[in-house]
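Residue-level structural notes
Single-letter residue listing:
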Amino acid sequence: MTDNNGRVALVSGASRGIGRAVAQRLAADGFDISFCYRSDEKAADELEKELVGLGVRVLARRVDVSDSEAVRSWVGDTEQFGPIELAVTSAGITRDGPLVKMPDQDWRAVMDTNLDGVFHVGRSVVFPMMKRRRGSVIAISSVSGVYGLATQTNYSASKAGVIGFVKAMAKEVGRYGIKVNAVAPGMIETDMTEALTAQARAKLLAGIPLGRFGTAAEVADMVAYLASPGAAYVTGSVLEIHGGISI
Ligand code: NAP
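This write-up is about the structure you can find in this document. (Residues numbered from 1 in each chain as written. Predicted model: local features only at pLDDT ≥ 70, side-chain atom pairs only at ≥ 80, totals over all residues. Heavy atoms only, no water.)

Observations regarding the sheet that holds strand S4 (residues 84-89)
- The seven strands lie next to each other as S3-S2-S1-S4-S5-S6-S7, forming an open sheet whose pairing is parallel. Looking at strand neighbours, the two that pair on one side only are strand S3 (58-62) and strand S7 (238-241), the edges of this open sheet. Shown here is a sheet whose adjacent strand axes are inclined to one another by a mean of 15°, direction ignored.
- The sheet contact formed by strand S6 (residues 178-185) and S7 spans four bridges and is parallel. (Pairing = 2+ DSSP bridges. Helix = DSSP H or I, 4+ residues; strand = E, 2+ residues; numbered from the N terminus. Axes fitted to C-alpha atoms, helices over the stretch in contact; angles between N-to-C directions.)

Structural notes on the packing of helix H4 (residues 104-132) against helix H6 (residues 153-173)
- Where H4 contacts H6, the two axes come as close as 8 Å, and the packing angle between them is 15°. Taken together, the axis directions place H4 and H6 in an arrangement best described as roughly parallel. Both H4 and H6 take part in a crossing whose hand is right-handed. When H4 is examined against H6, the residues Asp106, Trp107, Val110, Met111, Asn114, Leu115, Val118, Phe119, Gly122 and Val126 are found in contact with a partner set consisting of Thr153, Asn154, Tyr155, Ala157, Ser158, Lys159, Gly161, Val162, Phe165, Met169 and Val173.
- Classifying every residue of the contact of H4 with H6 gives 13 nonpolar, six polar and two charged. (Parallel < 35°, antiparallel > 145°, perpendicular 65-115°, else oblique. Left-handed = near helix turned anticlockwise from the far one by under 90°. Contact = heavy atoms within 4.5 Å. Nonpolar A, V, L, I, M, F, W, Y, C, P; charged D, E, K, R; others polar.)

Focus on unusual backbone geometry
- Here the phi dihedral of Arg133 falls at roughly 60°; this positive angle occurs in a residue that is not glycine.
- Positive phi outside glycine occurs at Thr151, with the angle close to 70°.
- One can find Thr151 in the loop between helix H5 (143-147) and H6.

Purely geometric stuff here, so don't read any function into it on its own.
In structure tokens, the structure reads:
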């Protein structure tokens, strides 16, 4: 174990994919973990058992991050473990489609989860962090929010919004010793990218110099770096991890 023993990390959207890998990595690094998920109870139960097996305290909660009161209550209940040291927002969805046919509900759903969800978590954790004069918030954005991706106007806008949120929050709370950063992954092997057609996958792969999609564990490594003392002077940053897709 590490110096993180007894420290509390909150992770949104951890039943699957990147959030799950982040929860696994932070627990392995010694953090107590409070994680939420939207609906996949089976996956959440499995993760809870796995993390408990690592010897850390675990709170698993079904919370829709678009519901501000539910997030507030989850954050409050997490504080039974002690002050939240680190909050990682990974809950996210896609509803891709051409702008010309984008239904209102697909725009709204993506904003509600991807952008409002980050606002709800950030607002709920920040005041206790300000009082303690320490804390770290890491939001999972996307290369789609940095560079834009066709058929993802809703998703790109939400993820660009997350970057704006992170930079503004970093400026606002830096003097309280709180760090706020974004991680912007490219194509990562999870259920989200599993939904791609073979044709879309081949086209994306052709634009990745490293010639493969990344793994959730590789994104979790970057989160673990941002959570480590080695990143003490890193705030307001957007760390990209994409195998060179943007070059
Ligand atoms: P994923 O495999 O589809 O997993 C999404 C996770 O978020 C699940 O745990 C899901 O819970 C949870 N979730 C979704 N909506 C939620 C809500 N409203 N409230 C609470 N939890 C919610 O997705 P992923 O690929 O790991 O993506 C994780 C994050 O990385 C997202 O923000 C995504 O935009 C971002 N990202 C992913 C990629 C990629 O290539 N995969 C690239 C760039 C950025 P349930 O299991 O209960 O549904």
